[in-house]
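Results of the structural survey
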Amino acid sequence: MASVLEDPTLERRFKGHKDAVTCADFNPNQKQLATGSLDKTLMIWNLAPKARAFRFVGHQDAITGLQFSPSGALVASSSKDRTVRLWTPFMKGESTVFKAHTAAVRSVAFSHDGHRLVTASDDKSVKVWSVHRHCFIYSLNQHTNWVRCARFSPDGRLIASCGDDCSVRLWDTSTKHCINCFTDCGGSSMFVDFNSNGTCIASSGINNSLKIWDLRTNKIIQQYRVHSAGINSFSFHPSNNYLISGSSDRTVKILDLLEGRLIYTLHGHKGAVITVAFSRVGDLFASGGADCQVLLWKTNFDSKPYQDVLQQHIQRATPDPPPHLLDIHPRIPHLHHPQRTAIQINPIVTDTQSSDPHVIELGQSRHDMGKYWILDD
């Protein structure tokens, strides 16, 4: 067994956005990273050294969310301009436009088979769309305030949504009914997602905390308050052993979910961290924020068997109390506070790949001739 735990390292900085970076996602092919911004543009960054980047122009207001399709052949983006666009992330820069909602669209996500999209909006609704037929399918309408985020479960049978009504809702996609409503969020919820096997959901929000529910028991199994400001985004590692979170406190935190503790605090952004995302295999992750930067990190700590990582980390930091992941029926939610022994990383980019890439601008700008689909309930 090696004697040193591999810490995460900052690989590259991508500069090209002119305003805050609000969302990020990796292409499943592991060759591209997509980001969206308040500057109304979508950027496709090629991860190969010195490769060109592409700027896609078309949205008329800030981009709030984006995601690659499972095949990597499409990128969906949501915007405050009330539309969703489906882009082909190649040289032509073509997009199909969904006039999706009557207010700002806050998030967009594909189902895991790539056939459907789910959107969340300030019009208090969650909507589901057919990707291939370009049509509206149904709406979910029980939220009583802005809906900030919605995601499909890995098997497509559930949708989780959250918003400013301080609730996280769970929907059955076959019956279209809300089958559960978690109201113990402690404030507006900004982000929600399933872990990779669909047994848990997590949500985060303005009250600085992140909560994880086990869907088999509908109980909170973990709660973390490791940030000093609101948590804007998080991402489960594909192994479900780790989670990264980005906060308005300017940091990225890495949580060990099996041990139930904070293991790394990453410094590198000069403003709020608005988005974080693991790659599909977990070897990379990205963060973006108010400083207009996109930081690409190499995970490293996931390259060894988990038990080896755990034993090595115990030698470097005093562990939290015993794991609580298996404590399915806690009397009260266990609150994990920051550990002073968590490892702080202040990264410096030492490679030569971080020079600003040549950017090619694509898509329609002022006079948008994109194909519109006006889709009403």
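The structure this text deals with has already been given above.
Residues numbered from 1 in each chain as written. Predicted model: local features only at pLDDT ≥ 70, side-chain atom pairs only at ≥ 80, totals over all residues. Heavy atoms only, no water.

Now for the overall build of the chain. Of regular secondary structure, the chain possesses one helix and 32 strands. Across the 377 residues in the chain, those meeting the buried criterion constitute 61%. A fraction of 51% describes how many contacts in the chain between residues 6 or more apart in sequence connect residues 24 or more apart. Accessible surface computed for the chain: about 15,500 Å², of which carbon and sulfur atoms make up 50%. (Helix = DSSP H or I, 4+ residues; strand = E, 2+ residues; numbered from the N terminus. Buried < 20%, exposed > 50% of the residue type's maximum accessible area, 1.4 Å probe, protein only. Contact = heavy atoms within 4.5 Å. Areas by Shrake-Rupley, 256 points an atom, 1.4 Å probe, with all protein chains shown as cover.)

Right, let's talk about unusual backbone geometry for a bit. Positioned with a positive phi, Arg82 is a non-glycine residue whose angle comes to about 75°. In this structure, Arg82 sits in the loop between strand S7 (75-79) and strand S8 (83-87). Phi at Asn218 takes a positive value of approximately 60°, unusual for a residue other than glycine. Relative to the helices and strands, Asn218 is located in the loop between strand S20 (210-214) and strand S21 (219-224).

Relative to the helices and strands, Ser279 resides in the loop between strand S26 (273-278) and strand S27 (284-289). Dropping the residues within four chain positions of it, Ser279 is found in contact with Phe26, Gln30, Pro238, Leu284 and Phe285.

Our next topic: the sheet that holds S27. The four strands are arranged S1-S28-S27-S26 in an open sheet whose pairing can be described as antiparallel. Bordering the open sheet on either side are strand S1 (9-15) and S26, each of which pairs with just one other strand. Each strand axis lies, on average, 20° off the axis of its neighbour in the sheet, ignoring direction. Two strands pair when backbone bridges link them, and S26 and S27 are joined in this way by five bridges, in the antiparallel orientation. Bridge pairing in S27 places Thr275 opposite Gly288. (Pairing = 2+ DSSP bridges. Axes fitted to C-alpha atoms, helices over the stretch in contact; angles between N-to-C directions.)

Turning next to the environment of Lys253. For Lys253, the position within the fold is in strand S24 (residues 251-256). Remark: the alpha-carbon pair of Lys253 and Ile343, spanning 90 residues in sequence, is separated by 10.0 Å. At 3.4 Å, the side chain of Lys253 forms a polar contact with the backbone oxygen of Val226. Side-chain polar atoms of Lys253 contact the side chain of Thr265, separated by 3.1 Å. (Polar contact = N/O pair within 3.5 Å; in protein donor to acceptor, adjacent residues only side chain to side chain.)

We now examine the layout of surface pockets. Quantified by volume, the largest pocket comes out at close to 1,200 Å³. Along the walls of the largest pocket sit 46 residues, with Gln67, Arg151, Phe191, Asp193 and Phe234 positioned nearest its centre. It is strand S6 (residues 63-68) that provides the largest number of residues to the lining of the largest pocket, a total of six residues. Here the lining of the largest pocket is built from residues that sort into 23 nonpolar, 16 polar and seven charged. (1 Å grid on protein atoms, 1.4 Å probe; cavity = no way out; pocket = protein on both sides within 12 Å on 5 of 7 lines; lining within 4 Å. Points joined across faces, edges and corners; volume = space filled by probe spheres on them. Nonpolar A, V, L, I, M, F, W, Y, C, P; charged D, E, K, R; others polar.)

Right, let's get into the pairing of strand S22 (residues 231-236). For S22, the buried fraction is high: five of the six residues fall into the buried class. Taken together, S22 and the strand that follows it, strand S23 (residues 242-247), pair antiparallel across an intervening segment of five residues, in which Asn240 is found at a positive phi of about 70°.

Taken together, the five strands give an open sheet; going across it, the order is S22-S23-S24-S25-S30, and neighbouring strands pair in mixed fashion. The open sheet terminates on both sides in strands that have one partner only, identified here as S22 and strand S30 (343-345). Recorded for the sheet is a direction-independent mean angle of 20° between the axes of neighbouring strands. With six bridges joining them, S24 and strand S25 (residues 261-267) adopt antiparallel strand pairing. What sits directly across from Lys253, in S25, is Thr265.

So, on to the environment of Ala20. Within the secondary structure, Ala20 is located in the loop between S1 and strand S2 (21-26). Along the sequence, Ala20 and Ala290 sit 270 residues apart, while their C-alpha atoms lie 4.1 Å from each other.

Counting across every chain of the model gives six salt bridges. In this structure, Asp155 and Arg157 form a salt bridge, with 2.9 Å as the shortest nitrogen-oxygen distance. The residue Arg261 makes a salt bridge to Glu259 at a minimum N-O spacing of 3.7 Å. Both residues of the pair, Arg261 and Glu259, count as buried. (Salt bridge = Lys/Arg side-chain N within 4 Å of Asp/Glu carboxyl O.)

This model, assessed by the stated rule, comprises eleven aromatic pairs. Their ring planes at 80° and their centres at 4.9 Å tell us that Phe191 and Phe234 sit as a pair that is edge-to-face. Placement of Phe191 in strand S18 (residues 189-194) and of Phe234 in strand S22 is noted, with a sequence separation of 43 residues between them. Comparing Phe191 with Phe234, the two get one shared label, buried. What links up through ring pairs into an aromatic cluster is the set Phe98, Trp129 and Phe136. We note Lys176 situated over the ring of Tyr138; from NZ or CZ to the ring centre the distance is 4.8 Å. (Phe/Tyr/Trp six-rings, centres within 6.5 Å; stacked < 30°, edge-to-face > 60°. Lys NZ or Arg CZ within 6 Å of the ring centre and 35° of its normal.)

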